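In case you want the letters, here they are:
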Amino acid sequence: MSKRPVIESEKPAWHDEDDDGLVVSVPTKVKKTLKIELKKTTDEEHGELDSKEYIGRLQEAFKKRHGGTPKWAAASADDEEEGSLSKTAAGYLAKDVKLPKTTIHTNLLKDFNIGHQCNRDITCVKFHKTRPVLIVGDQGGNIQLFKVSKEVKKDRFLQSASFAKFPIDCMEIGGQGHTVICSSSRQEYLMEYNMDTREVTQLKPPNTVPKQGIHSFAVSHDSQFLAIAGHNSHVYVLHSASMEHITTISLPANARCIKFFPSHNREMWIICETGQVVIANIGLQGSKSTQHCFTDDGAVHGTTLAISQHGDYFATGSDTGIVNVYSGHSCRDSSTPQPLFNVSNLVTQVSSIAFNSDAQLMAICSSAKENHLRLVHVASQTVFKNFPERNGKVSNANCLDFSPSGGYLAVGNDRGRLHVFSIHHFSDY
């Protein structure tokens, strides 16, 4: 997993010469355990230390007690380049320490969408990548935007849009973060909502694409391409700005879920309804599209997939409730890759899978049963037993998503219920 660089020996902003050469005594009025950490057998009996040595021991004792340097005390590589006192707070953020595998501390932000709850299923939830905003789509054809923060607010609602006769099945953020694009299995076109201008646009695929309902689609990370799942074992790739048909990807069976690889705007990972996984590269400027195919281990019917932010992990879901987690690299090189591990805590069809930003956490859910929502500690390959809490029931979960820094988990449920959990271990939003 990719780690954000941390500067270990950044110079202080100023230096006080009076501090040099000082001699201090090990304090006696501290906890016995701390005194032991500060004092060594090689010290003189009176316990006097050079000031630099004493400061070093204090730092080591603090790190030992708190699991390393805390994120607020570590500076990022960007700060070193700036080299000034006018640093932003964001510059001091470093990678979080490892997530404990035993228990996870969360709390539910109650009544998150109070006053704006639709009676139809929430089918899509997406956190905006740069703004503290949660975008929600439902089977009533509604898009709603909510402000995300830990402050207790009576109304977090920001804005909304409604599409007539357009129950939303799939939703993606496009336009470099300015638009929301939605599809419906009942309509042969897509709907686009501009969050800045609040304009609604109908996006019609060209005549070279068969007219059919669009249950699933994906948008490349640079918002340049649209990939639409067809009903005839094909995926149609369009230019998102002009809706020009660029190429067609042939599959072993109909696509159930499509994702663009995080660091590659022309590579798609597709899971088919018969359990095959296809890694397809879009052929441009006369070049042919390339494919690599393998069968998800033990799957008869594939339902969904997820790729971690840096592509280290790839997860698949099936109708039996099994979630397989693979090394992203092994999937490229083998026609029969073996999962690193699998999660069998769900016993019904997997509806949604998501990794948090550093892939320490994976969330999975099934809409077929109440409380079929789990958080997985990826490194130890175990499921947290204290989530969801026993007294906090989560009704049938259709979809889920982590906020960019992993501080929040949103879960969309039946009858318009929205659950947003704050995850204490990770930084805000």
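Bear in mind that the values here come from a model prediction, so they are computed numbers and not experimental data. Chains are numbered independently. Their residues run from 1 in the order of the written sequence. Since the coordinates come from a predicted model, pLDDT governs what is reported: local features require at least 70, and pairs of side-chain atoms require 80 or more to be given and counted, while whole-chain, interface and lining totals use all residues. Side-chain figures throughout are based on the complete set of non-hydrogen atoms in the structure, without hydrogens or water.

Novice: Explanation requested: unusual backbone geometry in the structure shown.
Specialist: Across the chain, the bulk of peptide bonds are trans and the bulk of non-glycine residues have phi less than zero. Cis rather than trans, the peptide bond between F387 and P388 has omega equal to -10°. A run of H or I in DSSP becomes a helix once it reaches four residues, and a run of E becomes a strand once it reaches two; helices and strands are each numbered from the N terminus. Mapped onto the elements of the fold, P388 is located in the loop between β29 (382–383) and β30 (397–402). In the Ramachandran plot, S223 falls in the positive-phi region, its phi being about 65° despite a non-glycine side chain. Tracing the backbone shows S223 in the loop between β14 (217–219) and β15 (225–229). With a 1.4 Å probe rolled over the protein chains alone, any residue whose accessible area is under 20% of its type maximum counts as buried; one over 50% counts as exposed, and the rest are partly exposed. Taking relative accessible area as the criterion, S223 reaches 13% and is therefore assigned buried.

Novice: Can you walk me through the environment of R266 in this structure?
Specialist: Turning to its location among the elements, R266 is positioned in the loop between β18 (255–260) and β19 (267–272). The exposure class of R266 is partly exposed, given its relative accessible area of 35%. Here the alpha-carbon distance between R266 and Q224, two residues 42 residues apart in the chain, equals 9.4 Å. In this description, contact between two residues means that some pair of their heavy atoms is separated by no more than 4.5 Å. Each residue touching R266, except ones within four places of it in the same chain, is listed here: F225, A280, N281, I282 and L284.

Novice: Where do I start with the confidence of the model for the protein chain in this structure?
Specialist: Interpretation of the predicted coordinates at a detailed level should be avoided for regions scoring low in pLDDT. pLDDT expresses, on a scale from 0 to 100, how confident the predictor is about each individual residue. The pLDDT averaged across the protein chain works out to 85; a share of 79% of its residues lies at or above 70. Here residues 1–11 is modelled with pLDDT under 50, and outside its nearest four sequence neighbours on either side it reaches 25 contacts, counting other chains as well.

Novice: Looking at this model, I keep getting lost on the side chain of H419. Mind explaining?
Specialist: Its place among the elements puts H419 in strand β32 (residues 418–423). Residue H419 is classed as buried on the basis of its relative accessible area of 13%. Excluding residues that lie within four positions of it along the chain, H419 makes contacts with L108, K393, V394, S395, L409, A410, V411 and N413.

Novice: In this structure, what is going on with the pairing of strand β20 (residues 276–281)? I would like to understand it.
Specialist: Across a regular strand the side chains alternate sides, sitting on one face of the sheet and then on the other. Of all the six residues making up β20, five are buried; the element is thus mostly covered by neighbouring parts of the structure. Any two strands between which DSSP finds at least two bridges are classified as paired. Pairing between β19 and β20: five bridges, direction antiparallel. Within β20, the position partnered with E267 by the bridge is N281. Linking β19 to β20, which pair antiparallel, is a turn of three residues; within it G275 sits at a positive phi near 100°. Strand direction decides the pairing type here: β20 and strand β21 (residues 290–295), joined by six bridges, are antiparallel. Its bridge partner lying in β21, Q276 is registered against T295.

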